[in-house]
Amino acid sequence: MPGDTATSTTLVPLILVATRKGAWLVHGDAGRSRWRLDGPHFLGHIVSHLMLDPRDGRTLLAAAKTGHLGPTVFRSMDLGATWREAARPPAFAKSADGKGRAVDHTFWLTPGHPSEPGCWYAGTSPQGLFRSEDGGDTWVPFSSINDDPDYLRWMGTVQDGTPDGPKLHSILVDPRDPAHLYFGMSGGGVHESRNAGKTFAPLLNGLEVVEGFDVADPTFHDPHCLRLSPADPDRLYQQNHCGIYRLDRPGDTWVRIGRTMPPEVGDIGFPMVVHPRDPDRAWVFPMDGQTVWPRTSPDGKPAVYGTRDAGATWQRLDAGLPRAQAWWTVKRQAMSADALDPVGLYFGTTSGELWMSADEGGSWTCVARHLPEIYAVEVAQRPAEVGG
């Protein structure tokens with residue numbers, strides 16, 4: 001019953017921050033006005049992604065690259081009080097000649113469907129897809145794509161990839177059907193499976209590529225971030241190397257909704273966030289997409305842009321952000337939203353600042369400064385701490 005304090009629980013945000021030099025857990029209060037930093041965890045290690053398992057609310061996985069031990073995954077069963085390394089982290093199968101590809105780092109972590117407790121997916125650099133069925137302790141290659149000749153060709157070489165390495169990312173699980181999966185590859189395009197990963201197929205219609213390259217070849221497609229609407233899983237949004245797109249299933253053709261962004265800003269960037277209860281609302285953080293990409297805020301004036309009408313129009317949301325001479329940007333995993341009301345938005349910058357808005361982008365405050373370069377930001381809701 002509303003107002004029944006005996007049965008209701010106050011939820012507060014927990015921000016999970018992965019950086020170039022470690023990870024932090026940032027605990028908020030009910031008003032999202034006070035914050036407590038817990039960290040660093042894995043100081044000095046590159047942490048690409050940090051995720052809380054929403055199915056149990058206490059298990060954390062961290063994708064890390066340690067200085068001497070190489071790429072691995074760490075797991076905590078007690079919200080970061082203690083950590084244990086995976087017994088078998090993601091790794092490609094050895095080829096007959098003992099060569100073949102090697103995982104440089106695990107880049108993306110996704111909890112499996114609620115009907116599959118203990119299931120996790122991981123995307124790596126170079127592009128690989130892996131699955132764990134024991135809560136992230138042991139990982140095995142998932143599907144056939146890691147060794148499929150077509151996929152290997154579409155993945156290209158390490159030199160063909162993004163500046164910090166090619167990667168498989170944005171692993172999405174349809175909340176209605178654990179057999180329905182999506183992922184993105186930089187480069188290599190967007191791919192979909194409807195049979196629990198037995199096969200995947202490209203989903204590229206309507207997407208553009210850099211001028212002079214073949215739009216029909218998945219090799220030249222570079223999705224930056226792929227998001228599924230929690231309120232309507234038949235709607236997907238994408239931030240791409242060539243703009244902002246929307247896809248409404250069962251259709252298979254992406255529509256470039258970024259053309260309605262202000263022309264002086266453009267629609268090039270990395271992160272994208274979708275409202276948890278309204279499929280027409282989404283937010284992006286554009287960056288300078290000139291011919292030689294500076295990868296900074298346009299004109300040194302950072303801003304989030306939001307849409308309330310599925311991309312027909314966009315609104316600049318910069319109240320509280322620096323007005324000039326702020327030359328940072330936000331990486332593809334470094335922007336997220338909570339599910340509270342109103343929705344809270346969060347992003348971390350390449351200059352180590354963590355920003356949040358408790359009013360869906362209406363105004364922004366800086367939660368933390370002077371962290372290492374922020375690689376990923378995720379947000380979970382936790383029961384309020386006693387006495388917090």
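Residues numbered from 1 in each chain as written. Predicted model: local features only at pLDDT ≥ 70, side-chain atom pairs only at ≥ 80, totals over all residues. Heavy atoms only, no water.

Topic: the overall build of the protein
Counted only if it meets this: Secondary structure counts use DSSP, requiring at least four H or I residues in a row for a helix and at least two E residues in a row for a strand, with both numbered from the N terminus. Every radius of gyration here is taken over C-alpha atoms, with the globule rule written as 2.2 Å times N^0.38, N being the number of residues. Note on exposure labels: buried denotes an accessible area under 20% of the residue type's maximum, exposed denotes more than 50%, and partly exposed covers the range between, all computed with a 1.4 Å probe on protein chains only. Residues are treated as being in contact if the distance between any of their heavy atoms lies within 4.5 Å.
Within the protein, the secondary structure is distributed over 1 helix and 28 strands. Here the C-alpha radius of gyration of the protein, 20 Å, is about what a compact globule of 388 residues would show, namely 21 Å. For the protein, the C-alpha atoms occupy an extent of roughly 60 × 50 × 40 Å along the three principal directions. The buried share among the 388 residues of the protein stands at 56%. Long-range contacts, defined here as pairs at least 24 residues apart, represent 51% of the contacts in the protein between residues at least 6 apart.

A few points about the confidence of the model for the protein
For clarity, the cut-off: pLDDT is defined as a per-residue confidence score from the predictor, taking values between 0 and 100.
Mean pLDDT over the protein works out to 93, with 96% of the residues at or above the 70 mark. Across residues 1-7 the pLDDT falls below 50, and counting only partners more than four positions away or on other chains, this stretch makes 0 contacts in the model.

Thoughts on the sheet that holds strand β27 (residues 365-368)
The test is simple: At least two bridges found by DSSP between two strands are what make those strands a pair. Fitting a line to C-alpha atoms yields each axis, with helices limited to the stretch in contact; the angle taken between N-to-C directions then spans 0 to 180 degrees.
Reading across from one edge, β24-β25-β26-β27 is the order of the 4 strands in this open sheet, with antiparallel pairing throughout. Two strands in the sheet have a free side with no partner beyond their single neighbour: β24 (335-337) and β27. Strand-to-strand twist of the sheet, defined as the mean angle between neighbouring strand axes without regard to direction, takes the value 25°. Pairing between strand β25 (residues 345-348) and strand β26 (residues 354-357): 4 bridges, direction antiparallel. When the bridges of β26 are listed, phenylalanine 347 appears paired with tryptophan 355.

Here's the deal with the sheet that holds strand β23 (residues 315-317)
Within the open sheet, the 4 strands sit side by side as β20-β21-β22-β23. Their pairing is antiparallel. One side of each edge strand has no neighbouring strand; the edge strands of this open sheet are β20 (269-274) and β23. Pairwise comparison of adjacent strand axes, ignoring direction, gives a mean angle of 30° for this sheet. Here strand β22 (residues 304-307) pairs with β23 via 3 bridges, running antiparallel. Among the inter-strand pairings, tyrosine 305 is bridged to a residue of β23, identified as arginine 316.

So, the side chain of arginine 32
Here is the rule: We define a polar contact as two N or O atoms separated by no more than 3.5 Å, with the added condition that, inside protein, one atom must be a possible hydrogen donor and the other a possible acceptor, whereas residues neighbouring each other in sequence contribute only through side-chain atom pairs.
With respect to the helices and strands, the residue arginine 32 is situated in the loop between β2 (22-28) and β3 (35-41). Arginine 32 gets classed as buried once you look at its relative accessible area, which sits at 9%. Reaching out from arginine 32, the side chain makes a polar contact with the side chain of aspartate 338 at a distance of 3.0 Å. Setting aside anything within four residues of it in sequence, one finds arginine 32 in contact with Pro13, Asp338, Leu340, Asp341, Pro342, Val343, Gly344, Tyr346, Met356 and Ala358.

Regarding the pattern of salt bridges
Two side chains that carry opposite charge are able to pair once their charged atoms sit near each other. Defined as follows: Only one rule defines a salt bridge in this text: a Lys or Arg side-chain nitrogen within 4 Å of an Asp or Glu carboxyl oxygen.
Per the stated rule, a full pass over the model turns up 24 salt bridges. Here arginine 32 ties to aspartate 338 by a salt bridge, and the two come within 3.0 Å at their closest N and O atoms. On the criterion of sequence distance, the pair formed by arginine 32 in the loop between β2 and β3 and aspartate 338 in the loop between β24 and β25 is long-range, its members being 306 residues apart. For aspartate 338, a relative accessible area of 2% corresponds to the buried category.

Topic: the nonpolar core
Applicable threshold: Only buried residues count toward a nonpolar core. Its members are Ala, Val, Leu, Ile, Met, Phe, Trp, Tyr and Cys residues joined through side-chain atoms within 4.5 Å.
Counting 30 residues, the largest nonpolar core has Ile15, Val17, Val304, Met335, Phe347, Leu354 and Trp364 as its most contacted members. Elements with a minimum of two residues in this core: β1 (11-19), β2, β21 (282-286), β24, β25, β26, β27 and β28 (374-383). The residues contacting leucine 354, other than those within four sequence positions of it, are Ile15, Val17, Val26, Phe347, Gly348, Thr365, Cys366, Val367, Ala368, Ile374 and Val377. Listed in part, the 17 residues of the second largest apolar core include Phe107, Tyr151, Met155 and Phe183.

Things to note about the packing of aromatic side chains
Formally: In this analysis, rings of Phe, Tyr and Trp, with Trp reduced to its six-membered ring, are considered paired at centre separations within 6.5 Å, and the interplanar angle assigns stacked below 30 degrees, edge-to-face beyond 60, and tilted for intermediate values. Think of it as a cone above the ring: NZ of Lys or CZ of Arg counts as a charge over the ring if it is within 6 Å of the ring centre and within 35 degrees of the ring normal.
The tally for this structure, following the rule as stated, stands at 12 aromatic pairs. Members of the aromatic cluster, joined through ring pairs, are Phe285, Trp328, Phe347 and Trp364. The positively charged end of arginine 101 is found above the aromatic ring belonging to phenylalanine 92, 4.1 Å away from the centroid. Seen from the ring of phenylalanine 107, lysine 167 lies directly overhead, with NZ or CZ sitting 5.0 Å from the centre.

Thoughts on the environment of aspartate 288
Tracing the sequence through the fold places aspartate 288 in the loop between β21 and β22. In this structure aspartate 288 comes out as buried when scored by relative accessible area, which is 11%. Taking the C-alpha atoms as reference points, aspartate 288 and methionine 261, separated by 27 residues in sequence, lie 13 Å from one another. Sequence-distant contacts of aspartate 288, defined by excluding residues within four places in its chain, comprise Trp293, Pro294, Arg295, Thr296, Ser297 and Pro298.

A look at the side chain of asparagine 240
Relative to the assigned elements, asparagine 240 resides in strand β17 (residues 235-240). For asparagine 240, a relative accessible area of 1% corresponds to the buried category. Here the side chain of asparagine 240 touches glutamine 238 through a polar contact of 2.7 Å, side chain to side chain. Apart from residues no more than four positions distant in its own chain, asparagine 240 is found in contact with Glu208, Asp222, Pro223, His224, Tyr245, Ile268 and Gly269.

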